[in-house]
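As a plain string of letters, each chain reads:
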Amino acid sequence: MSKYSKLAARATAAAMIAAAVSPMLFTGTAAADAPTSTFGGSVWFDRDSDGVADAGEPGRQGAVVKASGAGGEFFANTDANGKFTFQKIPFGAYDVTHSDNGFAATTAATVKITLNAATTAESVDFGVRGASICGTSWNDANGDGKHQADEPRIGDNFLGLHNETTGKDSYENTNADGTYCFQDIQAGTYHVGANDRLLMSPQQGWTKEGGDSKFSFVNGRSATLTLTPGQKIENFDAGYQVGKMDVRATQLLLIWGGTTYDLKDPNTSLSIQVGDEFTIVGGVVPEGNVAEQLRADLTLPEGLKIVDKFGGMSSHIYGQKVSGYFTERRHPGLVEFVGAKVKVEKAFATGEIKLEGLKSIYGETNLTNNVITVPFHAIEAEGHPSTTTAPATTTTTAGVVQANMPQAKVTKVAATGELAQTGANPMPILGLGAGLLAAGGGALWFTRRKAAARD
Ligand SMILES: [Ca+2]
Ligand SMILES: [Ca+2]
Ligand SMILES: [Ca+2]
């Protein structure tokens, strides 16, 4: 195609000729037999806004072009290549316009043409520019969230653009230099997802937020973007880190009434009898540089009937085991809890309570600190409840899960150093995760992560 800026001038010249010639040509011609002509053109994505259809600039499908003038109003739609054609349009002068809903125009909004027998109508072409989102994938080798010049870029990395209005997704792979661009985007509400590289070699997680990376540390999703017509977003970078993770079991607690007992503390002495009801909860923490899926199993001895689940982790009950998990990865350093409300249904002498933080999805090597076990036994009920029965003064604060969390200030807890970590309130993270899940359940590019999650 040629320079479309010249078209307006040509069209104007044609219009002047037509004005002089048309009346003579059409004298005495019945309307039904009025001579007609055909013309066409295109709507294309003028990505560099120079008014010229350059190589690599695609056509815009689905634009509605209108010709309004001597013979009335006529409409045509652009095809997959952005082309349109008007057939059998009566001779005369027309204003040709197009729908630019959600795109910015880079050429004149109206082209004037005149159809007559003396001239062949020129192609009518409209340039539009969509919004664009461009950035770079890189390996944040030093883990500071910033992209230093010497940190390697990641080619062939997969990103998805999700239209939150239509639900449609489009995809891009980064070039060898790590760069990517989503282009020709209609104005609207979107988010971008950066691929989960858990299954790559080496295994990578999303790097920390607040630096150069625009993607969530826990799920690789960007914030919601409201794009205006033609808006350019650059440096929308996706940072990763090679995952290093050590899951550790932190504590095993028994909550009875309003009191929390540390079952690892040799000074803890409880007389458990048939009929007693209490809660057992274990804490696990992922320690590392990326977000961890975090799963943990709490296994209870026969004789402790599991009445209900307990704790901030989602969980399922399998016989004497409560398996805790998260559907979204967790920030390292925060203790999470899996537990069970139990009732003693029979006496037993040599039982064991076992808490196991499952091996990290990033392949941790130190598994010695993943497990805590404590011996446990229960005796037949006596005439009265044991002396350890405490008043039911559950420590509560705002928040559903937090209300059930063991609190560091309760009495009869010896390992205060470890329990201090319970002050790391998991609620804000939990709420964030739930919200993000609700917002984007259909995102296809997270299937790998979902496959890794245990449910
Ligand atoms: Ca151009
Ligand atoms: Ca860095
Ligand atoms: Ca470990």
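This text follows the structure it describes.
Note that the structure is predicted; figures quoted are calculated from it, not measured.

Asks: In this structure, what is going on with unusual backbone geometry? I would like to understand it.
Replies: Residues apart from glycine generally show negative phi values, whereas peptide bonds are mostly found in trans. The linkage connecting S201 with the following residue, P202, adopts the cis geometry, with an omega of 0°. Assignment of secondary structure puts P202 in the loop between β13 (188-194) and β14 (204-206). One non-glycine residue, S49, adopts positive backbone phi at about 60°. Tracing the backbone shows S49 in the loop between β1 (36-45) and β2 (64-69). One non-glycine residue, N235, lies in the positive phi region at around 55°. By secondary structure assignment, the location of N235 is in the loop between β16 (232-233) and β17 (238-242). Residue classification places N235 among the exposed residues on the basis of 10 C-beta atoms within 10 Å.

Asks: Can you help me understand the pairing of strand β7 (residues 111-115) in this one?
Replies: Most of β7 is tucked away, with four of its five residues classed as buried. Of the pairings in the sheet, the one linking strand β5 (residues 92-98) to β7 comprises five bridges and is antiparallel in character. Its bridge partner lying in β7, V96 is registered against V111.

Asks: Help me understand the sheet that holds strand β3 (residues 72-77) in this model?
Replies: Think of a sheet as strands paired side by side through backbone hydrogen bonds, with each pair either parallel or antiparallel. Taken in spatial order, the four strands line up as β3-β2-β5-β7 in an open sheet, and their pairing is antiparallel. Each edge of the open sheet carries a strand with a single partner, namely β3 and β7. Here the strands of the sheet are splayed against their neighbours by 25° on average, with no regard to which way each runs. Taken together, the five bridges between β2 and β5 define a ladder with antiparallel strand orientation. Bridge assignment links K66 to a residue of β5, and that residue is T97.

Calculation notes
Residues numbered from 1 in each chain as written. Chains lettered and ligands numbered in written order. Predicted model: local features only at pLDDT ≥ 70, side-chain atom pairs only at ≥ 80, totals over all residues. Helix = DSSP H or I, 4+ residues; strand = E, 2+ residues; numbered from the N terminus. Buried ≥ 20, exposed ≤ 12 C-beta atoms within 10 Å, placed from the backbone. Pairing = 2+ DSSP bridges. Axes fitted to C-alpha atoms, helices over the stretch in contact; angles between N-to-C directions.

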